[in-house]
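Each chain, letter by letter, is given below.
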Amino acid sequence: IVVPVFNEEKVLDTVLENAKVFGYLNYLVVVNDASTDRTTDILNRWNRESGLRVVHLRVNAKKEGAIREALETLQRAGELKPYTFLLDADTRLQVSDTGVEVSDQLLSAIEYLNGQGLGAMALRVNATYFSQPSPAYLSAYSTYFGLQVDCWLFGLSGQLWVINGAGGLFHSNQLLGILRTMTPSFETGDLQITVDLMKMGERIRLYDEIKALTYVPEKAKDLFNQRRRWERGTMKVMWKDRAFYLRQFFRRSFLGPAIVLHFALYLGVILTGIGLLFKDYI
């Protein structure tokens, strides 16, 4: 399980303690992307006390660059496993409702990946919070619920809108090959990996047996900035790979109608803004 980390001092102890309690700490490889807060000290303490595997980068490589460095380091050491789970630094895994241990869930996910002949899978991502729910949490909860529905629907045709960075399973060599061709960008990475897999003809689905709980921004401003970054990244990838997305309108795919809906929402926002500006003249 590769976890890229940058300035996560607030959540890191909580996430790592959860990994220790639920028995998957020894699977983690945390790559510290040149953090400038207390993240480095926290990771070094976990390395000393619990044997956590940590890769420290001196220069910030952005999220996908950090993941690539971790995989490259494992490959050079002969320790790169055939399968890689990616988790965000603010995400923790949870024992299933039936009481199945996390380690067994991970093995079951790999078996499902191979049994279905898939190139990758998105894990089920749910929103969580530290102390109490907030309006920002409720908004994030609804977003992730919608993403689960999207993933289930698109997965019927072997496609996904995005494998959210908070939880995904990949073939290690294939993931590393994609990362080697990418220009790392914190805005576009998750979506770009997903699109590159689909362009290679790989089938992708949702695997909802594993719950990945991700801590969401607590303030409306932080939530807005997060969503703005997501949408800006979406537009960049859709423009870069516009030929791929256009082809979705000529095949039996749920992705084509989803693109129309996505742009319809933008159009609605723009028209609403224009209406508010010129309401006195209409």
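The structure displayed is predicted, hence computed values, not measured ones.

Enquirer: Mind laying out the confidence of the model for the chain, listing which residues take part and the relevant values?
Expert: Averaged over every residue, the pLDDT of the chain is 86; the share at 70 or more is 92%. When pLDDT is averaged over each element of the chain, strand E4 (residues 83-86) comes out on top at 97 and helix H10 (residues 255-277) at the bottom at 68.

Enquirer: Talk me through the packing of aromatic side chains; I want residue IDs and the actual numbers.
Expert: Enumeration according to the criterion identifies two aromatic pairs in this entry. An angle of 50 degrees between the planes, with centres 5.4 Å apart, marks the rings of Tyr 112 and Tyr 207 as tilted. Here Tyr 207 lies in strand E8 (residues 204-215) and Tyr 112 lies in helix H4 (residues 102-115), a separation of 95 residues in the sequence. Given the relative accessible area of 30%, Tyr 112 is considered partly exposed. Judged by centre distance (5.3 Å) and plane angle (75 degrees), the ring pair of Phe 244 and Tyr 245 falls under edge-to-face. Judged by relative accessible area, which is 6%, Phe 244 ranks as buried. The ring of Trp 239 is capped by Arg 242, whose NZ or CZ atom sits 4.0 Å from the centre of that ring.

Enquirer: A description of the pattern of salt bridges should follow, citing residues and the corresponding values.
Expert: For the structure shown, the criterion picks out seven salt bridges. Lys 63 is paired through a salt bridge with Asp 88; the nearest N and O atoms lie 2.8 Å apart. With Lys 63 in helix H3 (residues 62-76) and Asp 88 in the loop between E4 and strand E5 (91-94), the pair connects residues that are 25 residues apart, well separated along the chain. Here Lys 63 and Asp 88 have matching classes, each one buried. With its nearest N and O atoms 2.7 Å apart, the salt bridge here joins Lys 199 to Asp 241. Here Lys 199, found in helix H7 (residues 189-199), pairs with Asp 241, found in the loop between helix H8 (220-240) and helix H9 (242-247); they are 42 residues apart in sequence, far enough to count as distant. Assessed through its relative accessible area of 42%, Lys 199 is described here as partly exposed. Residue classification places Asp 241 among the buried positions, given a relative accessible area of 6%. Among the ionic contacts, a cluster of salt bridges with common partners joins Asp 196, Lys 199, Lys 240 and Asp 241.

Enquirer: So what about the pairing of strand E1 (residues 2-5)? Which residues, and what values?
Expert: Residues Val 2 and Pro 4 of E1 are buried on one face, and the alternating residues Val 3 and Val 5, pointing to the opposite face, are buried as well. Between E1 and its parallel partner strand E2 (residues 29-33), the chain crosses via helix H1 (residues 12-21), and the hand of that crossover is right-handed.

Cut-offs applied
Residues numbered from 1 in each chain as written. Predicted model: local features only at pLDDT ≥ 70, side-chain atom pairs only at ≥ 80, totals over all residues. Heavy atoms only, no water. pLDDT = per-residue confidence, 0-100. Helix = DSSP H or I, 4+ residues; strand = E, 2+ residues; numbered from the N terminus. Phe/Tyr/Trp six-rings, centres within 6.5 Å; stacked < 30°, edge-to-face > 60°. Buried < 20%, exposed > 50% of the residue type's maximum accessible area, 1.4 Å probe, protein only. Lys NZ or Arg CZ within 6 Å of the ring centre and 35° of its normal. Salt bridge = Lys/Arg side-chain N within 4 Å of Asp/Glu carboxyl O. Right-handed = clockwise from strand over helix to strand, strands pointing away.

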